[in-house]
Amino acid sequence: MHEARILGIHDTEIGKLAPLTTWDLIGQSTAGALMDAALDIGVLDGILCTEPMVGGAARHAVAVAEYLGLSERLTVCETVKNGGAAPLSALVTAFDLVESGRCQAVLVLSVDTVRTGQDPSRTLAAFAGMRHAVWEQPFGMTTVSAYALMADAYLRTYGLGRDDLASIPVELRRYAMTHPGARHREPLTVDEVVASRPISTPLRLLECPSVSDGGGAVIVGRPSIAANGRVRGRLLGSGRGTTHDSVAYATTLDRTGCSVSSGRALTAASVSPADIDFAMLYDSYSIAVALQLEEIGFCPPGQAPAFVAEGGLRLDGPTPVNMHGGLLSHGHCGSAAGIQHITEAVRQFRGEAVNQVPSPELALLHGEGGVLSTNCTAVLAVD
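Residues numbered from 1 in each chain as written. Predicted model: local features only at pLDDT ≥ 70, side-chain atom pairs only at ≥ 80, totals over all residues. Heavy atoms only, no water.

## Section: the overall build of the protein chain
The criterion, for reference: Strands are runs of DSSP state E lasting at least 2 residues, helices are runs of H or I lasting at least 4, and numbering of each runs from the N terminus. Note that the radius of gyration is over C-alpha atoms, with the globule rule given as 2.2 Å times the number of residues to the power 0.38. Only protein chains enter the area calculation, which uses a 1.4 Å probe; residues under 20% of their type maximum are buried, those over 50% are exposed, and those in between are partly exposed. The contact criterion used throughout is that any non-hydrogen atoms of two residues lie within 4.5 Å. None of His or the chain ends enter the tally, which takes Lys and Arg as positive and Asp and Glu as negative. The atom standing in for a charge is NZ when the residue is Lys, CZ when it is Arg, CG when it is Asp and CD when it is Glu.
Helix and strand counts for the protein chain come out as 12 helices and 11 strands. Taking 21 Å as the expected radius of gyration for a compact globule of 383 residues, we find that the protein chain reaches 19 Å, a close match to that expectation. Its C-alpha atoms give the protein chain principal-axis dimensions of roughly 55 × 45 × 40 Å. Each of the 383 residues in the protein chain was classed as buried or not, and the buried ones make up 58%. Long-range pairs, those at least 24 residues apart, make up 76% of the contacts in the protein chain between residues at least 6 apart in sequence. Of note, the protein chain has its 27 positive side-chain charges centred 3 Å away from the centre of its 39 negative side-chain charges.

So, in structure tokens, the structure goes:
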């Protein structure tokens, strides 16, 4: 077995980045991660890409390798296609490739220009097309209405009110307000969330993510090839889990694949939720945060709204979460959503974060694709 560490990171700006294309962001992210790791591009012998919604290629990773001039050097060149879980899933696979000896340095690349690269109606149609062709699409179900179905079931199960999830985007906005890279930095109150227009009952506009251009890159490799002396992250344990693909086929709305993947990751790492210093959760909607907090074990079932409202996600709380503002306020860059959760975690380990957790040693990262359908959880340790 070979040692594997996160050697370099880079994230792009996020928001409306036109006239930059997806390929411009690929070049930026690759060059930035290599510079951060103090490595030459020639050390890369693996590429794992997520598939962009806009501006990609039919064989995307192969086209990226060609674009970067690395085709014949690579022993692994693959596109990862499991939605929002893809960046974290690719990171875990990169660790496996290096530790097995198949690669010495793997580029994990995830960028998209979904905000300005295509008309918003096409983006909406693309998300709607992800729903089941027989049991969901004909009845008008979109991604947000599928999450709304889960939110409604959650609120009814625990006897909660429609407004009880509103504190979640407010708490994540607190971090974004002080983060210069966040797309939304204006103050936000619970009353403003409640007053924002309905999107799909019970979810309102400010409980939904802000679609943006952006992304980033991470280099996982053998520490012996990098001599820059930076603090690096190592993978302590990981897990994947699914309970359904289409919500129409979910046997229950009380439990998702997050409980499966997080349980496996914590067991593999031999740690408990109480050991985690901070978490980077896939906050695609307010309900996603609530479900993840409970299924991972950061708070009891039905208690996430109260946990959040009482400061549970803050720097001085028991579980700081998404200190860059998350997808809800930092920005949701389409298929690349989640890559900047990884780069933020590494900056926390380095002590370079804007909203810094004091001396963190363990982080839990979770990514999910679909509607909490495909899940990946990783426990990272400072090194």
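## Section: the sheet that holds strand 8 (residues 233-242)
Stated formally: Note on pairing: two strands pair once DSSP finds at least 2 bridges between them. Note on definitions: angles span 0 to 180 degrees between N-to-C directions of axes, and those axes are lines fitted to C-alpha atoms, for helices only across the stretch in contact.
Strand order in the open sheet formed by 4 strands is 8-11-10-9, with mixed pairing between adjacent strands. A single partner strand is all that each edge strand has here, and the edge strands are strand 8 and strand 9 (278-280). In this sheet, adjacent strand axes meet at a mean angle of 20 degrees when their direction is disregarded. Across the sheet, helix 8 (residues 257-269) is in contact with strand 8, strand 10 (362-369) and strand 11 (374-382); its angle to strand 8 comes to roughly 145 degrees.

## Side note on the pairing of strand 1 (residues 5-11)
With 5 of 7 residues buried, strand 1 is to be regarded as a mostly interior element. Sheet topology note: the strand 1/strand 7 (residues 213-221) ladder contains 6 bridges and is antiparallel. In the sheet register, Gly-8 faces strand 7, and the bridge partner there is Ile-219.

## Remarks on the nonpolar core
Stated precisely, the cut-off is as follows: Each nonpolar core is a collection of buried residues, namely Ala, Val, Leu, Ile, Met, Phe, Trp, Tyr and Cys, held together in the definition by side-chain atoms within 4.5 Å.
Counting 45 residues, the largest nonpolar core has Tyr-147, Tyr-154, Leu-165, Ile-287, Leu-293 and Val-379 as the members making the most contacts within it. Elements with a contribution of two residues or more to this core: helix 5 (143-157), helix 6 (167-177), helix 8, helix 9 (286-296), helix 10 (304-309), strand 10 and strand 11. Looking at which element gives the most residues to this core, the answer is helix 5, with 8 residues. Residue contacts for Val-379: discarding those within four places in its chain leaves Arg-234, Leu-235, Leu-236, Gly-237, Ala-265, Leu-266, Ala-269, Val-271, Ile-276, Leu-362, Ala-363 and Leu-364.

## Observations concerning the sheet that holds strand 7
Strands sit in the order 1-7-4-2-3 across an open sheet of 5 strands; the sheet is mixed. Edge positions in the sheet fall to strand 1 and strand 3 (76-80), since each of these pairs with one other strand and no more. Geometrically, the sheet is characterised by an average inter-axis angle of 15 degrees between neighbouring strands, direction not taken into account. As paired elements, strand 4 (residues 105-113) and strand 7 share 9 bridges and run antiparallel to each other. In the strand pairing of strand 7, Ala-105 is matched with Gly-221.

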